[in-house]
Amino acid sequence: MTKAYRTGRGAKAKTVLANSDISLEIRRGEVFGLLGPNGAGKSTLVRQLTGLLRPDRGRIEVLGHDIVRHPDRASRLLAYLGQESTALDELTVSLAVETTARLRGLSRPAAAAERDAVLAELALEPLAHRPLAKLSGGQRRLACFATTLVGERPLLVLDEPTTGMDPVARRAVWAAVDRRRAASGTTVLLVTHNVIEAETVLDRVAVVDEGRVIACDTPGGLKALVDGDVRLDLVWREEPPLHLPLVAALAPRAAVNGRRWTVRSSPDEARDLVAQITGGPAFAALDDFSLATPSLEDVYLLLGGRHEGLVK
Ligand SMILES: Nc1ncnc2c1ncn2[C@@H]1O[C@H](COP(=O)(O)OP(=O)(O)OP(=O)(O)O)[C@@H](O)[C@H]1O
């Protein structure tokens, strides 16, 4: 599907192609990820899937239903956790969860029972009577996640669900997702720019950049693209000492992110580079360095993605 945004008026009018001929198939019961930097087009994609935004061109089918023709059906098929929670902010956690359950068609007793179960599952009981607007960012995110769990929707669309959460809350989120997959075969579409999370929780991942899918595979399948390579990170104290031949020779190969240079190489070459750098004059200009096995971030860079958008 394709979606363009038009901004500005008259001579200042501009078109941003947020999704450009994106084509994806997500299987029932899988945890599928969209990974990409800010502005890659991930939220635009999921908002179309949830019926909140119409594509300019293309087809969206969710569990056999045509969402472009019948956007109203999306709310019966999926629960969407967007990036903002403003609609629920004035409610207490307990009421936000219960109200969502009622809106999803549950009877009053069933909504109360699901509310209690979900609050207990996510250890949210101590916060149950606090308004969402008065919670910390991570707590609010967890409370909003709780609302997506009620009403047992077969598809959960989670746009950066764990942003701002501490490790305990993150674990509670992924444990809750796992339980639903095991019990009901729930499908999950996860938007993230956190590569570590992507590697741990996803069955398959589509790497999105500038409105296009640049790769789609299992995290392991994608990492095989850079198999055998290692990543050398060099963090300079100030400007890199480009007058040194060794540093000048590395410069064209380095992905630069502020003072950090990232260079991919074979393990043998990396060992050699570390020896030369730490044993020579470049060492004095270094603040830190590290050698690591490849991650999805390296795949993303290999495929031509921009460096600065992903979280390690
Ligand atoms: N309502 C809008 N009007 C105009 N342009 C928009 C609008 N929403 C998004 N865009 C533009 O479309 C592109 C894709 O944005 P989108 O929000 O889908 O990216 P994203 O991958 O979800 O980013 P993030 O990780 O920051 O949430 C960006 O260039 C963005 O500036």
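Residues numbered from 1 in each chain as written. Predicted model: local features only at pLDDT ≥ 70, side-chain atom pairs only at ≥ 80, totals over all residues. Heavy atoms only, no water.

The protein chain has the name ABC transporter ATP-binding protein in an unreviewed UniProt entry, where Streptacidiphilus jeojiensis is given as its organism. The Subcellular location (unreviewed entry) comment attached to the protein chain in UniProt states, word for word, "Cell membrane". (UniProt positions renumbered as here; feature names shortened; annotations may be inferred.)

A. Representation of the sheet that holds strand E11 (residues 230-236) within the structure. Spatially, E12-E13-E11-E14 is the arrangement adopted by the four strands of the open sheet, whose pairing is antiparallel. Bordering the open sheet on either side are strand E12 (255-257) and strand E14 (286-292), each of which pairs with just one other strand. The average undirected angle you get between the axes of adjacent strands in this sheet is 20°. Bridge count between E11 and E14: six bridges; the pairing is antiparallel. The residue bridging Asp233 from the neighbouring strand is Ser290, located in E14. (Pairing = 2+ DSSP bridges. Helix = DSSP H or I, 4+ residues; strand = E, 2+ residues; numbered from the N terminus. Axes fitted to C-alpha atoms, helices over the stretch in contact; angles between N-to-C directions.)

B. Molecular detail of the sheet that holds strand E9 (residues 204-209). The six strands are arranged E6-E7-E8-E3-E9-E10 in an open sheet whose pairing can be described as mixed. With partners counted over all chains shown, the strands left at the sheet margins are strand E6 (78-81) and strand E10 (212-217), one partner each. Put simply, the sheet's adjacent strands are angled 15° from each other on average, direction ignored. Here E9 runs beside E10; their pairing, made up of five bridges, is antiparallel. Across the sheet, residue Val207 finds its bridge partner in E10, namely Ala215. Helix H1 (residues 42-49) rests against strand E3 (31-35), E6, strand E7 (155-159), strand E8 (187-192) and E9 of the sheet, and its axis sits at about 150° to E8. Where helix H5 (residues 137-149) meets the sheet, it contacts E6 and E7, and its direction lies at approximately 170° from that of E6. (Contact = heavy atoms within 4.5 Å.)

C. Summary view of the domain arrangement of the protein chain. As assigned here, the protein chain comprises domain 1 (21-222) and domain 2 (228-293). Spacing between the C-alpha centres of domain 1 and domain 2 amounts to 39 Å. (Domains from an automatic or database assignment.)

D. Structural detail: the layout of surface pockets. Taken as a whole, the largest pocket encloses approximately 690 Å³ of empty space. Lining the largest pocket we find 23 residues, and of these Leu24, Glu25, Ile26, Leu49 and Glu61 sit closest to its centre. If you list the elements that add at least two residues to the lining of the largest pocket, you get H1, strand E4 (61-62) and E8. Class assignment for the residues of the lining of the largest pocket results in 14 nonpolar, four polar and five charged. What the second largest pocket holds in volume is close to 590 Å³. Along the wall of the second largest pocket there are 23 residues; nearest its centre are Tyr80, Leu88, Thr100, Arg104 and Thr147. Top element by residues in the lining of the second largest pocket is E6. It accounts for four residues. Among the residues making up the lining of the second largest pocket, the classes are represented as eleven nonpolar, eight polar and four charged. (1 Å grid on protein atoms, 1.4 Å probe; cavity = no way out; pocket = protein on both sides within 12 Å on 5 of 7 lines; lining within 4 Å. Points joined across faces, edges and corners; volume = space filled by probe spheres on them. Nonpolar A, V, L, I, M, F, W, Y, C, P; charged D, E, K, R; others polar.)

E. View of the UniProt feature "domain: ABC transporter" (unreviewed entry) in the protein chain. The residues that UniProt annotates with the feature "domain: ABC transporter" (unreviewed entry) are residues 2-235. What you have in residues 2-235 is 34% helix and 23% strand, and the ends, taken at the C-alpha atoms, are 40 Å apart.

F. Representation of the side chain of Arg180 in the model. Structurally, the position occupied by Arg180 is in helix H6 (residues 167-184). There is a polar contact of 2.9 Å between the side chain of Arg180 and the backbone oxygen of Ala176. The residues touching Arg180, leaving out its near neighbours within four places in the chain, are Val118, Glu121, Leu149, Gly185 and Thr186. (Polar contact = N/O pair within 3.5 Å; in protein donor to acceptor, adjacent residues only side chain to side chain.)

G. Representation of the site of the ligand. Taken together, the neighbourhood of the ligand is formed by 15 residues, with Asn38, Gly39, Lys42, Ser43 and Thr44 sitting nearest. The side chain of Asn38 places a nitrogen or oxygen atom 2.8 Å from an oxygen atom of the ligand. Ala40 is positioned such that a nitrogen or oxygen atom in its backbone is 3.0 Å from an oxygen atom of the ligand. Bound to the protein, the ligand loses 65% of the 640 Å² it would expose on its own. (Near = heavy atom within 4 Å. Areas by Shrake-Rupley, 256 points an atom, 1.4 Å probe, with all protein chains shown as cover.)

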